[in-house]
Amino acid sequence: SEKAPAPAKTITANKNWKEMLASPAFYLLILMFAMGAFSGLMIASNASLIGQSMFGLSASAAAAYVSLYSLSNTSGRVFWGAISDRIGQIRAVIIIYSAIIFAFILLVSVNQVWAFAIGIVTLGLCFGGVMGVFPGLVMDNFGPANQVVNYGIVFIGFSSAAFVAPKVTASLATANNGDFTKAFYVAIAVVLLGLGLSLVYTKRKTAVVETAAETIQ
């Protein structure tokens, strides 16, 4: 009996940085990267202050949560990397964005130390996940041959978030007497935009794969 033909696989063409800049996927990825990193950078620079001002922690206890956040960040790269290998990178990104939104809603809704702990761990894992998954997304779109340069350019999204997120957070907290609630709402809005872009990316990627499959047939 004849075996059914294996499903066609799309082969990603290697693109240099100039070709990458001409691709709509580049602009989606750099914005998604910035929006995914925004919340992690917000917490990384303010975790201790958030714990002390909003959840009543002592300076030493807040410092312990900073360490917990760093550990979660490290673990998130492995955790979300394993998940993305199973379900696909963009699906992992969508779940990461959804988890970030959950964490911030928890932080603004429940003024308890346990909520801060869950929020810190979740946001740390998700920040690590963003850092772990996006290199693969860049390679998936533009090929491995020029990955170092291409990812370096997409990393501008992260650098932009690193410049903006701490400044926005500090200014909002200062204007609200050390309360980070409004900053958290800004983070939720940013991640919602990133989630929307990730859905646009998914739709566009699906269309590209279907077109490639039809071409092969």
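Above this text sits the structure in question.
Note on numbering: residues in each chain are counted from 1, in written sequence order. This being a predicted model, a pLDDT of at least 70 is required before a residue's local features are given, and a value of 80 or more before pairs of side-chain atoms are given or counted; all residues contribute to the totals for chains, interfaces and linings. Side-chain metrics rest on all non-hydrogen atoms present in the structure, leaving aside hydrogens and water.

1. Digging into the pattern of salt bridges
So, step 1. Salt bridges, as used here, are contacts in which a Lys or Arg side-chain nitrogen is within 4 Å of a carboxyl oxygen on Asp or Glu. Under the defined criterion, the tally for this structure stands at one salt bridge.
So, step 2. Here Asp140 ties to Lys205 by a salt bridge, and the two come within 3.6 Å at their closest N and O atoms. With a gap of 65 residues between them, Asp140 in helix H6 (residues 113-142) and Lys205 in helix H9 (residues 181-216) connect regions that are remote in the sequence.
So, step 3. According to the relative accessible area criterion, Asp140 is partly exposed, its value standing at 31%. Elements are defined by DSSP. Helices are runs of H or I of four residues or more, strands are runs of E of two residues or more, and each kind is numbered from the N terminus. For each residue, the accessible area found with a 1.4 Å probe, counting protein chains only, is set against the maximum for its type, and the residue is called buried under 20%, exposed over 50%, and partly exposed in between.

2. Some points on the packing of aromatic side chains
So, step 1. What counts as a ring pair is set by centres within 6.5 Å for rings of Phe, Tyr and Trp (its six-membered ring), and what kind of pair is set by the plane angle: stacked under 30 degrees, edge-to-face over 60, tilted for all other angles. Counted according to the given criterion, the structure contains 13 aromatic pairs.
So, step 2. Considering the side-chain rings of Tyr65 and Phe116, the 5.1 Å spacing of their centres and the 55° angle between planes classify their relative orientation as tilted. With Tyr65 in helix H4 (residues 59-87) and Phe116 in helix H6, the pair connects residues that are 51 residues apart, well separated along the chain. Here Tyr65 matches Phe116 in class, with each residue buried.
So, step 3. With 6.5 Å between their ring centres and 25° between their planes, Phe180 and Phe184 make a pair best called stacked.
So, step 4. Overall, the relative accessible area of 0% leaves Phe184 in the buried class.
So, step 5. Taken together, the aromatic side chains of Phe33, Phe127, Phe134, Tyr151, Phe155 and Phe158 make up a single cluster linked through ring pairs.

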